[in-house]
Amino acid sequence: MKKEEFLDRYAIERKGTNSLKWDKLEERFGNADLLAAWVADMEFKVPEQVVEALKEKVDHGVFGYTYAPDSYYEAFIGWERERHGYEVKKEWMRFSTGVVTALYWFVNAFTKPEDAVIILSPVYYPFSNAVKDTGRKLVSSELINTGGKYTIDFEDFEKQIIDNDVKLFIHCTPHNPVGRVWTAEEAEKLLSICDKHNVLIVSDEIHHDMTFDDHTHLPSAIVADGKFSERIVTVTAASKTFNLAGLLTSQIIIENEELREQFDRFVKSVNQTEVNLLGMTASEAAFRHGADWLEGLRAVVKSNERYAVEQFAEYAPKLVISPLEGTYLLWIDLRPYIDPEDVKEFVQDTCKLAIDYGEWFGGKSRGFIRLNLGTEPRHIKQAVDSIIEHLPQ
Ligand SMILES: Cc1ncc(COP(=O)(O)O)c(C=O)c1O
């Protein structure tokens with residue numbers, strides 16, 4: 001689907017709909033009149049087939065306990081196979097009410113209090129929360145930032161693992177917020193370090209479908225022909241791709257039988273609930289029918305990125321923008337123009353924007369912002385133009 005058709009059919013106003021992104025601005029940012037470009041969901045309706053599938057359930061009018069039907073497994077397994085080349089087996093799959101919930105479960109299930117868990121910073125902030133909130137020791141290896149392009153400091157990563165006796169690595173692939181889609185070579189190097197030091201890998205692949213140009217997502221479990229799959233626990237969802245985050249449904253894949261049993265024992269201890277009927281219904285329909293919609297969305301995100309990059313290059317050439325290989329989140333270094341101390345005031349009070357601040361993501365990220373591109377071009381124009389207009393020259 002072309003960008004114009006996508007925008008015609010799916011762009012929608014969200015203010016006044018109990019949207020966290022739009023209707024909690026006063027509470028989160030102290031100003032209800034900001035342009036919301038923060039939390040990662042979008043101003044787009046889902047594919048019609050998803051709405052139809054949900055309507056069918058709503059018309060039936062019964063919302064009793066449910067389970068994942070065979071058709072759900074088929075749809076998800078087909079999507080992983082066709083889009084990502086990963087042949088998932090039904091018996092490897094488990095479910096959770098969101099990816100972040102799963103991250104907390106994994107830390108609890110696979111490590112002990114005070115065990116060390118490593119992340120590559122900056123990274124999606126619930127990663128560090130999941131480690132700290134569960135009483136584990138947080139270890140960070142800082143990514144190397146070369147003119148906006150981030151790479152892994154393999155030497156430091158290995159040293160941190162050895163020095164801290166790290167037990168678990170939480171990996172973000174593709175990477176939020178720096179927009180990297182790790183190459184096969186990078187992934188193999190990273191995972192082989194974990195393998196060498198007996199570190200378990202949690203692979204958060206929620207952004208798997210949002211990649212651009214010749215950047216291809218490679219599920220961690222099939223890196224190096226599956227060489228590391230026995231030490232990998234994957235979590236992914238339709239939620240980021242298809243704007244379904246409010247339906248709280250995600251998939252876990254655990255190939256290793258012992259780890260699966262360990263995981264099952266843990267979730268039993270916290271009395272895991274059944275799956276969400278509407279979340280399952282919507283995700284299945286999205287996996288079955290969403291490919292064309294997704295093409296339209298990617299065209300919109302790419303075009304929004306191009307607008308931002310071109311305008312900034314022309315009118316604010318010292319800004320450093322990380323190349324968007326994947327995700328719909330643009331990582332911008334404001335420091336060439338704005339003192340990190342003043343970023344909040346500049347962004348909120350002057351530009352009237354609600355964005356994610358770099359410091360939320362840890363590492364050396366004060367002075368950065370993350371702009372959500374999953375929205376209508378007019379919003380991106382407003383955000384970009386406002387930043388340009390108010391930057392000191
Ligand atoms: C890397 C990553 N993991 C997880 C999530 C959130 O997942 P969920 O809403 O299913 O908890 C996000 C949301 O932006 C994310 O970027």
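Everything numeric here is computed off the predicted structure, so don't read it as measured data.

Glancing now at the side chain of Thr327. For Thr327, the position within the fold is in the loop between β11 (320-321) and β12 (329-333). Here the side chain of Thr327 touches Leu329 through a polar contact of 3.2 Å, landing on its backbone nitrogen. The contacts of Thr327, once residues within four sequence positions are left out, are Pro174, His175, Asn176, Gly179, His207, Met210 and Phe212.

To find leftover empty space, a probe the size of one water molecule is rolled over the atoms. Scanning all chains against the criterion turns up five cavities of 30 Å³ or more. Here the largest cavity defines a volume of roughly 70 Å³. Phe95, Ser96, Thr97, Trp105, Leu248, Thr249, Gln272, Thr273, Glu274, Val275, Asn276 and Met280 are the residues that line the largest cavity. A class-by-class count of the residues in the lining of the largest cavity yields five nonpolar, six polar and one charged. What the second largest cavity holds in volume is close to 50 Å³. As for the second largest cavity, its lining consists of His171, Thr173, Val181, Trp182, Thr183, Ala187, His217, Leu218 and Ser220.

Another aspect to go through is the site of the ligand. The full set of residues close to the ligand is Ala40, Gly98, Val99, Val100, Tyr124, Cys172, Asn176, Asp204, Ile206, His207 and Lys240. A distance of 2.9 Å separates an oxygen atom of the ligand from a polar backbone atom of Val100. Expressed as a share of its isolated accessible area of 400 Å², the protein-covered part of the ligand is 88%. Because more than half of its atoms lie within 2 Å of the grid, the ligand is assigned to the largest pocket. Here the shell around the ligand is built from residues that sort into six nonpolar, three polar and two charged.

Taken in spatial order, the four strands of this open sheet run β11-β12-β15-β14, and their pairing is antiparallel. Where the open sheet ends on each side, the last strands, each with one partner, are β11 and β14 (356-357). Bridging between β12 and strand β15 (residues 368-372) involves five bridges; their strand directions are antiparallel. Along β15, the bridge assignment pairs Trp331 with Arg370.

Here we come to the state of the cysteines. Taken as a whole, this structure holds zero disulfides when the rule is applied. Free of any disulfide, Cys172 has its nearest neighbouring cysteine sulfur in Cys194, separated by 15 Å.

A few words now on the packing of aromatic side chains. Counting across every chain of the model gives 23 aromatic pairs. The interplanar angle of 85° and the centroid separation of 5.6 Å between the aromatic rings of Tyr125 and Trp360 together place this pair among those described as edge-to-face. With Tyr125 in the loop between β3 (116-121) and α7 (126-133) and Trp360 in the loop between β14 and β15, this residue pair connects regions lying 235 residues apart in the sequence. With a relative accessible area of 22%, Tyr125 lands in the partly exposed category. Since its relative accessible area comes to 31%, Trp360 is described here as partly exposed. One aromatic cluster in this structure is built from Phe29, Trp38, Tyr124, Tyr125, Phe127, Trp331, Tyr357, Trp360, Phe361 and Phe368. Directly above the ring of Trp79 sits Arg83, whose terminal nitrogen or CZ lies 4.6 Å from the centroid. Above the plane of the ring of Tyr73 lies Lys90, whose end atom (NZ or CZ) is 4.9 Å from the centre.

The next thing to look at is the layout of surface pockets. Taken as a whole, the largest pocket encloses approximately 690 Å³ of empty space. The wall of the largest pocket is formed by 30 residues, among which Val39, Val100, Tyr124, Lys240 and Ala245 lie closest to the centre. Among the elements of the structure, α6 (99-110) and α10 (239-242) are those that each provide at least two residues to the lining of the largest pocket. The element best represented in the lining of the largest pocket is α6, accounting for three residues. Classifying every residue of the lining of the largest pocket gives 15 nonpolar, nine polar and six charged. Here the lining of the largest pocket spans two domains, since at least three of its residues come from each of domain 1 (3-46 + 291-390) and domain 2 (52-289). Put simply, the second largest pocket is a space of about 360 Å³. Residue lining of the second largest pocket: 16 residues in total, with Arg14, Met42, Phe44, Val46 and Asn243 positioned closest to the centre. A per-class count over the lining of the second largest pocket returns nine nonpolar, three polar and four charged. Two domains each donate at least three residues to the lining of the second largest pocket, and these are domain 1 (3-46 + 291-390) and domain 2 (52-289).

The rules behind the values
- Just so you know, the residues in each chain are numbered from 1, in the order the chain's sequence is written.
- Local features in this predicted model are restricted to residues of pLDDT 70 or higher, and side-chain atom pairs are both shown and tallied only at a pLDDT of 80 or more, whereas totals for entire chains, interfaces and linings draw on every residue.
- Hydrogens are left out, water is left out, and the side-chain values use all remaining heavy atoms of the structure.
- Labels follow the DSSP assignment, with helices taken as runs of H or I lasting at least four residues and strands as runs of E lasting at least two, numbered in each case from the N terminus.
- Identification of polar contacts relies on pairs of N or O atoms within 3.5 Å, with a donor-acceptor requirement for protein atoms, meaning one able to donate a hydrogen and the other able to accept it, and with residues adjacent in sequence counted only if both atoms are side-chain atoms.
- What makes two residues a contact is simply this: any of their non-hydrogen atoms within 4.5 Å.
- A cavity, in this analysis, means grid points on a 1 Å lattice covering only the protein atoms where a 1.4 Å probe fits yet has no way out; a pocket is instead an open set bounded by protein on both sides within 12 Å along at least five of seven lines, and a residue lines either one if it has an atom within 4 Å of a point.
- Grid points are joined across faces, edges and corners, and a volume is the space filled by probe spheres set on the points.
- Gly is put with the polar residues, along with every residue not named as nonpolar or charged; the nonpolar set is Ala, Val, Leu, Ile, Met, Phe, Trp, Tyr, Cys and Pro, and the charged set is Asp, Glu, Lys and Arg.
- One heavy atom within 4 Å of a molecule or strand makes the whole residue count as near it.
- We get accessible surface area from the Shrake-Rupley algorithm with a probe of 1.4 Å; when it comes to residues, only the shown protein chains can shield them.
- Assignment of a molecule to a cavity or pocket requires that more than half of its atoms lie within 2 Å of the corresponding grid points.
- Each pair of strands is called paired provided DSSP finds at least two bridges between the two strands.
- What counts as a disulfide here is a pair of cysteine sulfur atoms lying within 2.5 Å.
- Here a pair means two rings of Phe, Tyr or Trp (six-membered ring of Trp) with centres within 6.5 Å. Their orientation is stacked below 30 degrees between planes, edge-to-face above 60, and tilted elsewhere.
- Classification of residues uses two cut-offs on accessible area relative to the type maximum, computed with a 1.4 Å probe and protein chains only: under 20% is buried, over 50% is exposed, and between them is partly exposed.
- In our convention, an over-ring charge means Lys NZ or Arg CZ found within 6 Å of a ring centre and within 35 degrees of that ring's normal.
- The domain limits used here are those given by an automatic or database domain assignment.

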